[in-house]
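Chains, contacts and geometry: an overview
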Amino acid sequence: LERLRGRGHQIRGLETGLAARKIHVARDRVRGARVEAVAGGSMLAADAGEIGGKEIGELARETIARIGPDGVVVLAGREDGKAALAVALGKNLVAGGLKAGDLVKRLAPIIGGGGGGKPDFAQAGGKEPDKLPEMLAVVPGAVAEMMAAK
């Protein structure tokens, strides 16, 4: 029985280490992504790789803090055969009336899902992770339209 408990602790330790490694790799991928100028602000849209809902949300919040108050961050990821999407908006855009949830509602159907959130942050999940490149291709136009409407 003690050997089984020991193995359980060992497995949990390996799982924790793997999760930390996934977040580290995703963070590196996002840091390497190009920030683009769009409609008077800045935008970063990136595939964060093998990362799911909670972690991709934390990474989007970290990234918007780096991008600034006029920024838009759209991160995509996949985990366990599902797609994940996180959108974060800078405080100046939110003050101007833009909502992260509006962008999520436009993008989530592409990955076979839905979601929502608050004006500064929204998330979605989807059933079609293979459609993430298609969704990311739509982001620049969708962000430009959203920002032009403000």
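Below is a summary of the structure that appears in this document.

Conventions used here
- Residues numbered from 1 in each chain as written.
- Predicted model: local features only at pLDDT ≥ 70, side-chain atom pairs only at ≥ 80, totals over all residues.
- Heavy atoms only, no water.
- Helix = DSSP H or I, 4+ residues; strand = E, 2+ residues; numbered from the N terminus.
- Buried < 20%, exposed > 50% of the residue type's maximum accessible area, 1.4 Å probe, protein only.
- Contact = heavy atoms within 4.5 Å.
- Areas by Shrake-Rupley, 256 points an atom, 1.4 Å probe, with all protein chains shown as cover.
- Pairing = 2+ DSSP bridges.
- Axes fitted to C-alpha atoms, helices over the stretch in contact; angles between N-to-C directions.
- Salt bridge = Lys/Arg side-chain N within 4 Å of Asp/Glu carboxyl O.
- Core = buried A, V, L, I, M, F, W, Y, C linked by side-chain atoms within 4.5 Å.

A few points about the overall build of the protein chain
The secondary structure content of the protein chain amounts to 5 helices and 6 strands. Its helices and strands in sequence order give the protein chain the pattern α-β-β-α-β-β-α-α-β-β-α, from N to C terminus. Counting all 150 residues of the protein chain, 40% fall into the buried class. Long-range pairs, those at least 24 residues apart, make up 58% of the contacts in the protein chain between residues at least 6 apart in sequence. On the protein chain, roughly 8100 Å² of surface is accessible, and the fraction owed to carbon and sulfur atoms is 53%.

Examining the environment of G113
With respect to the helices, strands and loops of the structure, G113 is situated in strand β5 (residues 113–117). Put simply, G113 and K82 are 31 residues apart on the chain and 9.6 Å apart in space, counted from C-alpha to C-alpha. Other than its neighbours up to four places away in sequence, G113 contacts A108, G125 and G126.

Focus: the sheet that holds strand β4 (residues 82–89)
Within a sheet, adjacent strands bond to each other through the backbone by hydrogen bonds, running parallel or antiparallel. Taken in spatial order, the 6 strands make up an open sheet running β1-β2-β3-β4-β6-β5, and their pairing is mixed. With one partner strand each, in any of the chains shown, β1 (36–38) and β5 form the two edges of the open sheet. Averaged over all pairs of adjacent strands, the angle between their axes in this sheet comes to 20°, without regard to strand direction. The strands touched by helix α2 (residues 53–67) are β2 (41–49), β3 (71–79), β4 and β6 (121–126); relative to β3, the strand with the most contacts, the crossing angle is about 155°.

Describing the pattern of salt bridges
Going through the model one piece at a time under the given rule, you end up with 5 salt bridges. Note that E62 and R27 form a salt bridge whose closest N and O atoms lie 2.8 Å from each other. Note that E62 is positioned in helix α2 and R27 in helix α1 (residues 2–31), a separation of 35 residues in sequence. Residue class for E62 comes out partly exposed when judged on its relative accessible area of 36%. In this structure, D47 and R78 form a salt bridge, with 2.7 Å as the shortest nitrogen-oxygen distance.

Quick word on the pairing of β5
For β5 and β6, the ladder comprises 5 bridges, and the chain directions are antiparallel. Residue pairing across strands places G117 opposite A122, the latter belonging to β6. Hairpin remark: β5 followed by β6, antiparallel, with 3 residues in the connecting loop.

A closer look at the nonpolar core
Counting 28 residues, the largest nonpolar core has V72, V74, L85, V87, L103, M135 and V143 as its most contacted members. Mapped by element, the contributors of at least two residues to this core are β3, β4, α4 (100–107), β6 and α5 (132–148). With 8 residues, α5 is the single largest residue contributor to this core. Formed by 17 residues, the second largest nonpolar core is a distinct cluster that contains A48, I56, A84 and A86.

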